[in-house]
Amino acid sequence: MTVLTNKNSTITGKHTSYWIDSTLPTDYPILPENLTVDVAIVGAGIVGITAATLLKKAGKTVALIDSEKIVQGTSGKTTAKITALHRLIYNDLIENFDVETARIYGEANQAAIEQVANLVTEEQIDCDFRRCNAYTFARYTDSIDKIHAEVQAAQKAYLPASFVTNTELPFSVAGAIKLPNQARFHVRKYLLNLAHKIPGNGSYVIENTRVKEVNHSDPCQVVSDRGFIKAQDVIVATNLPILDQGLFFAKAYPKRSYLIGAKVDKSIAPQEMYIGTGKDDHSIRSTPLDDGGTLLIVGGQGHKVGEKQDTEECYRKLENYARNEFKIENIDYRWSTQDMVSMDKLPYIGKLTPTSEHIYVATGFSLWGMSKGTLSGMILSDLILGRNNPWAATFDATRATPFVSKTSIKENFDVATHWFGDRLKGFTDNSFDKVKPNEGKILNLDNQKVAAYRDENNQVHAVSAVCPHLGCVVSWNNGEKSWDCPCHGSRFSCDGELLRGPAVKDLKAYDA
Ligand SMILES: Cc1cc2nc3c(=O)[nH]c(=O)nc-3n(C[C@H](O)[C@H](O)[C@H](O)COP(=O)(O)OP(=O)(O)OC[C@H]3O[C@@H](n4cnc5c(N)ncnc54)[C@H](O)[C@@H]3O)c2cc1C
Ligand code: FES
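Anyway, here's the lowdown on the structure attached to this text. (Residues numbered from 1 in each chain as written. Chains lettered and ligands numbered in written order. Predicted model: local features only at pLDDT ≥ 70, side-chain atom pairs only at ≥ 80, totals over all residues. Heavy atoms only, no water.)

Focus on the overall build of the protein chain
How we decide: Each helix corresponds to a stretch of at least 4 residues labelled H or I by DSSP, and each strand to a stretch of at least 2 residues labelled E; elements are numbered beginning at the N terminus. Only protein chains enter the accessibility calculation, which uses a 1.4 Å probe. A residue is then buried if its area is under 20% of the maximum for its type, exposed if over 50%, and partly exposed in between. Should any heavy atoms of two residues lie within 4.5 Å, those residues are considered in contact. In this tally Asp and Glu are treated as negative and Lys and Arg as positive; neither His nor the chain ends contributes. Lys charges are placed at NZ, Arg charges at CZ, Asp charges at CG and Glu charges at CD.
Along the backbone of the protein chain there are 10 helices and 24 strands. Looking at the 512 residues of the protein chain, the share that counts as buried comes to 59%. Within the protein chain, residue pairs in contact and separated by at least 24 positions form 70% of the contacts whose partners lie at least 6 positions apart. Distance from the positive charge centre (57 side chains) to the negative charge centre (60 side chains) of the protein chain: 2 Å.

Observations concerning the site of ligand 1
To keep it simple, the criterion reads: Near residues are defined by distance, with any heavy atom within 4 Å of the molecule or strand qualifying the residue. Residues adjacent in sequence count toward polar contacts only when both atoms are side-chain atoms; beyond that, a polar contact is any pair of N or O atoms within 3.5 Å, and within protein one must be able to donate a hydrogen and the other to accept it. Using a 1.4 Å probe, accessible areas were evaluated by the Shrake-Rupley method; residue-level cover was limited to the displayed protein chains. Polarity classes work like this: nonpolar for Ala, Val, Leu, Ile, Met, Phe, Trp, Tyr, Cys and Pro, charged for Asp, Glu, Lys and Arg, and polar for all others, with Gly in that last group.
Taken together, 34 residues surround ligand 1, and among them Asp66, Ser75, Lys81, Asp339 and Met370 come closest. A distance of 2.8 Å separates a nitrogen atom of ligand 1 from a polar atom in the backbone of Lys81. Val211 places a polar main-chain atom, nitrogen or oxygen, 2.9 Å from a nitrogen atom of ligand 1. Bound to the protein, ligand 1 loses 96% of the 1000 Å² it would expose on its own. When residues of the shell around ligand 1 are traced back to their parent elements, those giving at least two are α2 (46–57), β15 (333–342) and α8 (369–385). In terms of residue class, the shell around ligand 1 is made up of 13 nonpolar, 16 polar and 5 charged.

Overview of the nonpolar core
Spelled out, the test is: Residues enter a nonpolar core if they are buried and are Ala, Val, Leu, Ile, Met, Phe, Trp, Tyr or Cys, with the set joined through side-chain atoms within 4.5 Å.
Counting 82 residues, the largest nonpolar core has Ile41, Tyr90, Phe185, Tyr190, Ile235 and Phe395 as the members making the most contacts within it. Here the element with the most residues in this core is helix α4 (residues 99–122); it accounts for 9 residues. Dropping the residues within four chain positions of it, Phe395 is found in contact with Ile104, Tyr105, Ala108, Leu346, Pro347, Tyr348, Ile349, Leu375 and Ile379. Among the nonpolar cores identified, the runner-up in size contains 30 residues, and Val214, Val236, Leu240 and Val361 belong to it.

Describing the pairing of strand β1 (residues 35–42)
The test is simple: Two strands are said to pair when DSSP picks up at least two bridges between them. Every crossover in which the path from the first strand over the helix to the second runs clockwise, viewed with the strands pointing away from the viewer, is termed right-handed.
Most of β1 sits inside the fold, with 6 of its 8 residues counted as buried. The pairing of β1 with strand β10 (residues 228–236) spans 7 bridges and is parallel. Following the sheet pairing, Ile41 is matched in β10 by Ile235. As paired strands, β1 and strand β2 (residues 62–65) are joined by 4 bridges and run parallel to one another. Paired with Ile41 across the bridge in β2 is Leu64. Where the polypeptide runs from β1 across α2 and back to β2, its parallel neighbour, the crossover connection is right-handed.

A few points about the pattern of salt bridges
Under the convention used in this document: When a carboxyl oxygen of Asp or Glu lies within 4 Å of a side-chain nitrogen of Lys or Arg, that pair is called a salt bridge.
Across all of its chains, the model carries 23 salt bridges by this definition. For Glu114, the salt bridge is made with Arg131, and the minimal N-O distance between the two is 2.9 Å. Taken together, the positions of Glu114 in helix α4 and Arg131 in strand β4 (residues 130–138) put the pair 17 residues apart, joining distant regions of the chain. A relative accessible area of 30% places Arg131 in the partly exposed class.

Regarding the sheet that holds strand β19 (residues 448–454)
As a reminder, the rule being used: Lines fitted to C-alpha atoms define the axes, with helix axes restricted to the stretch in contact, and inter-axis angles between N-to-C directions lie between 0 and 180 degrees.
Read across the open sheet, the 3 strands follow the order β18-β19-β20; overall the sheet is antiparallel. The sheet terminates laterally at β18 (439–445) and β20 (460–464), the two strands that pair on one side only. Adjacent strand axes in the sheet meet at a mean angle of 25 degrees when their direction is disregarded.

Remarks on the sheet that holds strand β22 (residues 482–484)
Here we have 4 strands laid out as an open sheet, ordered β21-β22-β23-β24, and antiparallel in their pairing. The open sheet terminates on both sides in strands that have one partner only, identified here as β21 (475–477) and β24 (498–500). Along the sheet, successive strands turn relative to each other by an average axial angle of 35 degrees, direction set aside.

Considerations on the packing of aromatic side chains
Threshold: The pairing test for Phe, Tyr and Trp rings, Trp by its six-membered ring, is centres within 6.5 Å, and the orientation test on the planes gives stacked under 30 degrees, edge-to-face over 60, and tilted for anything in between.
Going through the model one piece at a time under the given rule, you end up with 12 aromatic pairs. Here the aromatic rings of Phe137 and Phe171 are separated by 5.8 Å at their centres, their planes lie at 55 degrees, and the arrangement is tilted. Note that Phe137 is positioned in strand β4 and Phe171 in the loop between β5 (162–164) and β6 (175–184), a separation of 34 residues in sequence. Phe171 shares its class with Phe137; the two are buried. For the pair Tyr258 and Tyr315, a centre-to-centre distance of 5.1 Å together with 90 degrees between the ring planes defines the contact as edge-to-face. Pair noted here: Tyr258 is in strand β11 (residues 252–264) and Tyr315 is in helix α7 (residues 312–326), with a separation of 57 residues, a long-range link. The same class applies to Tyr258 as to Tyr315, namely buried. Members of the aromatic cluster, joined through ring pairs, are Tyr18, Trp19 and Tyr333.

Points about the state of the cysteines
We apply this condition: To count as a disulfide, a pair of cysteine sulfur atoms needs to be within 2.5 Å.
Evaluated as defined, the whole model comprises 1 disulfide. Here Cys472 connects covalently by a disulfide to Cys487, the sulfurs 2.0 Å from one another. Between Cys472 and Cys487, the disulfide has an S-S torsion of -85 degrees and is therefore left-handed. Here the residue Cys472 occupies a position in the loop between β20 and β21, and Cys487 occupies one in the loop between β22 and β23 (491–493), the gap between them amounting to 15 residues. This cysteine, Cys127, is not joined by any disulfide, and Cys132 carries the nearest cysteine sulfur, 13 Å off. Of the residues examined, Cys127 reaches a relative accessible area of 1% and is grouped as buried. Just so you know, Cys314 is unpaired, no disulfide at all, and the nearest cysteine sulfur is the one on Cys485, 18 Å from it.

Next comes the structure, spelled out in structure tokens:
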């Protein structure tokens, strides 16, 4: 399968997530005053909202606090498949751990699907939730052995997986693993409905309030740019924890991926959920539109954050793939987002450090956080409520991570290369004249590394290129017009404004 792209062709589609575009914006208050609650939850994505919902249902008062509007982070830009079939995972878990770990992984993710289904029913949420099968397909024979191995491994993990060769895709496949009774939904319709029920009786949803630190006092103190929250327990659900103590930035790495949406005739839209492995590794699903139509969603072109500067090329390739395979004429949406990939393939869910009794985290979902984010809400609420949880020990965030695994050595070597190499690198361009319109470049000006972007109106935006998290040099992302940090995934606007952590500060102004 060759995807040809013309570098100069214009990328099309509204540049926003369909899930965000098809729901009303939220309008929760900023932190009004210093508050005291039982549990403060930092970050209102699927982890934070699920945990807040379960804790409030159990009688706790909660404050759910986000630096932006809620569900605008990774959870607002996902593909929103809820499944325990995570491309290829069970064979790796058996090889790297054992059958029991693979069994627990499968059981926990299946339980998370049922948790979503139960909340949809209990709360009567109209969110296009629909049961369907999930498939991982090998389009060509080069990766068919992996599919066979994964079917066997999933069966050993007690999942009802089977090998098939027929799918409803518009191309033939060499083979696929099928896992029945999984689910898909409209993620924002689901999460916004849950969030709507949180405020009241001593609980709050707070937007546009950035948390800077969490102090381990008794009670804990959450310090934000607008005031304090005192809480017995704190969940840091910021995708990658903003707190560095647990070293999660060294146990997971950020990966960015791309999606496009096209309005199509229902007859050509697959009703089940697909992801490829091998040479065709695209992700495919559809979703109903409110006007009765159907949106086909195709994802792919993933890479480590900061690794590619011409990210518009990723959209072009995706668009060409969708046009070729599904005979689509118009692309209606395009968006992209990033998630943290765990070095040992298991998510980190639990205490921040072995000694932090009341601060909890969840990260490392490896682009499968609809089930694992829900699972995090289940496990963390159980830990806080003192309930036994059958899966908590396996995903314990303080477990010893094999820092010597092949993946972690490579990823941490890459980070070290960026930290040392990029700082010492002789960025030779030393004038704003070197930056063309619509281009971002690192310049060496007055012995400072400067991130300079020249916009379409020829205006230069210049800020310090040094990431305020741990000091790596940022990299330009032309598809999103942002400065992205290749080390741990922080992102900034062209004027240096913080778009996503783990950093909690803007890029410094360029001091000319
Ligand atoms: C392209 C792509 C497609 C994907 N598709 C799927 C899929 O089909 N199925 C699946 O299971 N998973 C999928 N995933 C993964 C899944 O979307 C994520 O794992 C999940 O959404 C992560 O949820 P979260 O709650 O950890 O993070 P987020 O949703 O990012 O929430 C974190 C929140 O914390 C807030 N925050 C950050 N810093 C602060 C601060 N200092 N103070 C206050 N608030 C702060 C942010 O604003 C944000 O709202 C996909 C991922 C990608 C990248
Ligand atoms: S995100 Fe860690 S150094 Fe930039």
